[in-house]
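Coordinate analysis (summary)
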Amino acid sequence: MAAIDKEDQEITLEGTSQNDAKEKKPEKVSEKELKKRTQSIVDPAHVDIAFPIKQLRFRRENKLKVLMVLLFFVIISGVVCIYIFFEPENLYFDIGETRFELRSHRFVVQYTNRTVLTGNLGQNIPKDVKPFYCRNSKTEICLRWMDIGSLTIQQNLIGSTEIYEVTWVAWKQGLELTDCYSFGDYSWYGGAILPDQSWPIQYWNKSQFIPFITAASSGNYGYGSLQDRYWLSSSGVAITVNRTTPLFVNIVNNSQICFKSVFSNPYTQMPSNPLELQYSIIVDKSISSVQKFAKSTIFPQPKTVRESLFGTVIWSLEDLIHGDCLTQNDVLNFADDIESHGYNANILEIPEGFASKYGDFNFDPQRFPNPSEMFQVLHDKGWKIILVIGILVNTNSDAFIEGVSNEFWVKEPQGLVPGLVQWDYGIGALLDVTNDNAVLWFVNRLNNFRTNFNIDYFSFKYGQASYLPFGFKTKLPLTNPSDFTQMYVESMQQVDGSLATTSSYQNQDLDLHFQLEPANSTWLPTNGLKSVIPSVLNLAVLGYPYFIPSSIGGSQNVQKNCSQSDLMFDNNTELYIRWLGLQAFFPIMKFSVPPWKLDDNIDSIAKKWVKFHEDVVKNKYIDQVGSSEEPLTLIQPLWLTEDLKGIESDVIETTFMIGNSTVVAPILNAGETSRKVYLPKGTWTFSLGSGLMPGGKMITIRDITIDSIAYFELTSDNKD
């Protein structure tokens, strides 16, 4: 066999099938040619055979990086949006030491780490509805419940006093706004003067919501004749409600006080603005600090001081004979009777009913044939005369006819005719005190009446908002019906000789005396002897220094029986004597039950106390005038000079101070001759003993005789 040269060796190319090989002979390529054909300019040592795989992985990695960058920006954007737009659900909001809990609506007020007030706000706001925050800062909370209402609480600081302004606004039709505050373990004062004056006021037990307006009597329609929207707690807190709030108040016996705002009778002249409940919470270190702040900033002070009335005695005919039966001889005989029993001529009060018709300023000619002579005789003997005048005018009077023609009366809802009201002496109309012309007409008539008969003083009755007819209409709309009382008292102040009023609303700046309502002849705290001191002290809390007490011994409620000209009363001599001794320490004493009508012994005791009143007590009150740069205070509770903690409430409500220097502690329970007394810090002299007594503690006084009262005088020693 012949040999084959390697260079000439034949090679069959791949991809050629056997059939093709048979049909077509494969191309013969020499090894040299094959190398030539497969020769490359690329150096195999520099060729990356993994390049395609790397290219594929590179593209995937780039996509992942872009995705990560995008995800990063999305996360950052989300965090920024959350930071800017998202607010976490707060469980509470703090303003200083005060906290509002969002879910429970509980409001906790603290002062120097001490809880002084706890309340539950928005009683009718659903607690399961989450509000959004309309405005919040370190000194303000603003929350809004969509389409329901909003709440704003704002803090202000004045020295050591913190003030929280609370405002609810109702956006939902028919929504009632109600906030309640617990009495806690503290005593509460202020609000109003009630006939059944309990003190502290948490024992009032007004379990239903009653409109907080001036009323002729305490009941389901009002809270008494004198009031102010101011409540004071021994914790060092006061609450004062805005005068434009249509306020209803509920006091649950010794539990809580609730304030409700609702457009309902008698708030019939309210504006069309959304319903609001506005009030302020005043907080300071003690009850005395808060009260002093209120007297200097909230309560206006009297412009003048009537020192001439200190130490006076008023003798009233109101319990001797009904006003409709009173005659000129009755008045003159009463004055003679007083003097014949050894009393000095002082002030004589003639009750309403002297006129022929209620509303006319004249004297009934049948009963008072010569009133000018009567006044002349009395003045010659040294008497001054008080005439009791009412704002209500009966429909059969000449004054009513004249007032109708000039549109001087409060009108019915349509404003077409006078709105008539039923009162003690018939059916009458009420002077529209928002009408300047009506007031001027009334004042001019009364001034002329005074000039014609030389009358010394007028005491004004009625004027309470509860006398306004249902749906009343006045010339100027009254947002708050009690504004009628305020304007009435201001109008009567324009009368020459104005002395006293039986109603008042935010009239602390006037020098009129508030005439306390007649009390009953009982020892009870329900309008009896034990209600006298709480009423006087609550007057002081509300900023009224001047008052005329109810008559010694209580009112006899004389019926209209002109055949009965003598007094009929319960012969309770002990009650009368204890009442007599108490009133001797007031700026003014008032008799309507003459002491000689009981017996000679009582008459003798009465003379002693009247002389003590005129010679000693009078000077105590004169000394209070101008003795301090602080607002005038005549009678005040013990806690106004010293913070009392743990002192029994019955001790506080049966004791009072004249200024800062005299503590008076009368016996107010039948058959008792001893009692507890708390003496403030300092050194005191005792009226029924000798030597000096240290203060700052509770003491017990025994063997107090029927004609004596325990009282204490602060010596010149400084209080420690």
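Only a predicted model underlies this, so the values are computations on that prediction, with no experimental measurement involved.

This part takes up the overall build of the chain. Each helix and strand in the chain was counted, giving 13 helices and 36 strands. Looking at the 720 residues of the chain, the share that counts as buried comes to 52%. The contacts in the chain between residues at least 6 apart in sequence include a share of 67% that link residues at least 24 apart. Summed over its atoms, the accessible surface of the chain is roughly 33,600 Å², and 50% of this surface lies on carbon and sulfur atoms.

Quick look at the state of the cysteines now. Evaluated as defined, the whole model comprises 1 disulfide. Two residues share a disulfide in this structure: Cys180 and Cys258, whose sulfurs sit 2.0 Å from each other. The chirality of the disulfide connecting Cys180 with Cys258 is right-handed, given an S-S dihedral of about 110 degrees. Here Cys258 lies in strand S15 (residues 256-261) and Cys180 lies in strand S9 (residues 177-182), a separation of 78 residues in the sequence.

Right, let's talk about a nonpolar patch on the surface for a bit. Together, Leu64, Leu67, Met68, Leu71, Val74, Ile75 and Val79 make up a nonpolar patch on the protein surface, roughly 680 Å² of accessible area in all. Looking at the element boundaries, Val79 is found in helix H3 (residues 51-85).

It is worth spelling out unusual backbone geometry at this point. Backbone torsion omega between Asn265 and Pro266 reads 15 degrees, so that peptide bond is classified as cis. With respect to the helices, strands and loops of the structure, Pro266 is situated in the loop between S15 and strand S16 (276-283). Even without being glycine, Thr112 reaches a positive phi, approximately 50 degrees. Following the sequence through the fold, Thr112 ends up in the loop between strand S3 (106-111) and strand S4 (114-120). The class for Thr112 is exposed, based on a relative accessible area of 52%. For Gln506, which is not glycine, the phi dihedral falls at a positive 55 degrees.

Relative to strand S22 (residues 426-430), strand S20 (residues 392-394) runs antiparallel, the two sharing 3 bridges. Residue pairing in the sheet places Val393 in a bridge with Ala429 of S22. If you look at the hairpin formed by strand S21 (residues 421-423) and S22, you'll find 2 residues sitting between the two strands.

What follows concerns the nonpolar core. With 200 residues, the main nonpolar core has Ile281 and Phe585 as its most contacted residues. Those residues in contact with Phe585, other than ones at most four positions away along the chain, are Trp609, Phe612, Val617, Tyr621, Phe656, Ile658, Val664, Ile709 and Tyr711. Leu309, Leu499, Ala500 and Ile588 belong to the second-largest nonpolar core, a separate cluster that totals 9 residues.

Closest axis-to-axis distance for the helix H11 (residues 573-583)/helix H12 (residues 600-624) pair is 9 Å, and the angle between their directions is 10 degrees. Judged on the interaxial angle alone, H12 and H11 are roughly parallel. For the pair formed by H11 and H12, the contact residues are Thr573, Tyr576, Ile577, Leu580, Gly581 and Gln583 on the first element and Ile602, Ile605, Ala606, Trp609 and His613 on the second. Counted by class, the contact of H11 with H12 contains 7 nonpolar, 4 polar and no charged residues.

For the rest of this paragraph, the subject is the environment of Pro545. By secondary structure assignment, the location of Pro545 is in the loop between helix H10 (532-541) and strand S27 (547-548). Once you skip the residues sitting within four places of it in the chain, Pro545 turns out to touch Pro302, Leu632 and Leu634.

Moving on to the sheet that holds strand S17 (residues 312-316). Pairing is parallel across the open sheet formed by 8 strands, whose spatial order is S27-S26-S24-S23-S19-S18-S17-S28. The open sheet is flanked by S27 and strand S28 (588-591), the only strands paired with a single partner. Bridging between S17 and strand S18 (residues 347-350) involves 3 bridges; their strand directions are parallel. Across the sheet, residue Trp315 finds its bridge partner in S18, namely Leu348. Where helix H5 (residues 328-340) meets the sheet, its contacts fall on S17 and S18, and the angle it forms with S18 comes to roughly 150 degrees.

A pair of packed helices can be characterised by two numbers: the angle between their axes and the separation between those axes. Here H5 crosses helix H6 (residues 371-380) at 5 degrees, and the two axes come no closer than 10 Å. When the axis of H5 is compared with that of H6, the two are roughly parallel. Contacts from Gln328, Val331, Leu332 and Ala335 in H5 reach Pro371, Glu373, Met374, Val377 and Leu378 in H6. Each residue belonging to the contact of H5 with H6 can be placed in one class, and the counts come to 7 nonpolar, 1 polar and 1 charged.

Our next topic: the pattern of salt bridges. Enumeration over the complete set of coordinates arrives at 14 salt bridges. With its nearest N and O atoms 2.1 Å apart, the salt bridge here joins Glu713 to Lys620. Pair noted here: Glu713 is in strand S36 (residues 710-714) and Lys620 is in helix H12, with a separation of 93 residues, a long-range link. Accessibility expressed as a relative area gives 12% for Lys620, which makes it buried.

Right, let's get into the sheet that holds S15. With respect to topology, 8 strands assemble into an open sheet ordered S1-S2-S3-S4-S9-S15-S14-S11, the strand pairing being antiparallel. Edge positions in the sheet fall to strand S1 (92-95) and strand S11 (206-211), since each has one partner strand and no second. Between one strand and the next, the sheet's axes are offset by a mean angle of 20 degrees, whatever the strand orientation. Relative to S15, S9 is paired through 6 bridges, and the arrangement is antiparallel. Its bridge partner lying in S15, Tyr181 is registered against Ile257.

Across the chain, the average pLDDT comes to 84, with 84% of residues at 70 or higher. Note that pLDDT drops below 50 for residues 1-23; the model gives that stretch 11 contacts with residues more than four away or on any other chain.

Before going further, it helps to examine H6. Taken together, the buried positions of H6 are occupied by Pro371, Met374, Phe375 and Leu378. For H6, the arc enclosing every buried residue in end-on projection is 95 degrees, short of the 170-degree limit, so these residues lie on one face. In this structure, the buried side of H6 is in contact with H5, S18, strand S19 (384-390) and helix H8 (436-453). Positive phi shows up at Gly382, right after H6, with a value of about 100 degrees.

Turning next to the side chain of His513. The topology assignment puts His513 in strand S26 (residues 513-515). Residue class for His513 comes out buried when judged on its relative accessible area of 3%. In this structure, His513 is in contact with Arg306, Leu309, Leu499, Ala500, Thr501, Tyr546, Phe547, Ile548 and Ile588, ignoring residues within four places of it in sequence.

Our focus in this paragraph is the packing of aromatic side chains. All chains considered together, the criterion is met by 42 aromatic pairs. Above the ring of Trp171, the side-chain terminus of Arg144 is found at 4.8 Å from the ring centroid. Against the face of Trp441 rests Arg445, its NZ or CZ located 4.5 Å from the ring centre.

So, about helix H4 (residues 287-297). For H4, a buried count of 8 out of 11 residues is recorded, marking the element as mostly surrounded by other parts of the structure. Among the residues of H4, those classed as buried are Ile287, Ser288, Ser289, Val290, Gln291, Phe293, Ala294 and Lys295.

Here strand S23 (residues 457-461) pairs with strand S24 (residues 498-501) via 3 bridges, running parallel. Across the sheet, Ser459 pairs through a bridge with Ala500, a residue of S24. Here S24 pairs with S26 via 2 bridges, running parallel. Within S26, the position partnered with Ala500 by the bridge is His513.

About the thresholds
- Sequence positions are assigned chain by chain, starting from 1 and proceeding in written order.
- Totals for whole chains, interfaces and linings use all residues, but because this is a predicted model, local features are given only for residues with pLDDT of at least 70 and pairs of side-chain atoms are given and counted only at 80 or more.
- Side-chain figures throughout are based on the complete set of non-hydrogen atoms in the structure, without hydrogens or water.
- Counting from the N terminus, the helices are DSSP H or I runs at least four residues long and the strands are E runs at least two residues long.
- Exposure is judged per residue with a 1.4 Å probe applied to protein chains only, and the accessible area is read against the type maximum: over 50% gives exposed, under 20% gives buried, and values in between give partly exposed.
- Here a residue-residue contact requires only that any non-hydrogen atoms of the pair lie within 4.5 Å.
- Each accessible area is a Shrake-Rupley result for a 1.4 Å probe, and residues are judged covered by the shown protein chains and nothing else.
- When the sulfur atoms of two cysteines come within 2.5 Å, that pair is taken as a disulfide.
- A residue counts toward a patch only above 30% relative accessible area and without a salt bridge, and it is joined to like-charged neighbours within 9 Å or, for Val, Leu, Ile, Met, Phe, Trp and Tyr, to nonpolar neighbours within 5 Å.
- Salt bridges are defined as contacts in which a side-chain nitrogen from Lys or Arg sits within 4 Å of a carboxyl oxygen from Asp or Glu.
- At least two bridges found by DSSP between two strands are what make those strands a pair.
- What we call a nonpolar core is a set of buried Ala, Val, Leu, Ile, Met, Phe, Trp, Tyr and Cys residues that are connected through their side-chain atoms within 4.5 Å.
- Note on definitions: angles span 0 to 180 degrees between N-to-C directions of axes, and those axes are lines fitted to C-alpha atoms, for helices only across the stretch in contact.
- When describing relative orientation, an angle under 35 degrees is termed roughly parallel and one over 145 degrees roughly antiparallel, while 65 to 115 degrees is termed roughly perpendicular and anything else oblique.
- Note that Gly is not counted as nonpolar here; it falls among the polar residues with everything else outside the nonpolar set of Ala, Val, Leu, Ile, Met, Phe, Trp, Tyr, Cys and Pro and the charged set of Asp, Glu, Lys and Arg.
- The pLDDT value tells you how sure the predictor is about a given residue, anywhere from 0 up to 100.
- Taking the helix axis as origin, the arc is that swept by the directions to the C-beta atoms.
- Only rings of Phe, Tyr and Trp enter the pairing, Trp through its six-membered ring, and a pair is recorded when the two centres are within 6.5 Å. The plane angle decides the type: under 30 degrees is stacked, over 60 is edge-to-face, the rest tilted.
- In this scheme, Lys NZ or Arg CZ marks a charge over a ring once it lies within 6 Å of the ring centre and within 35 degrees of the ring normal.

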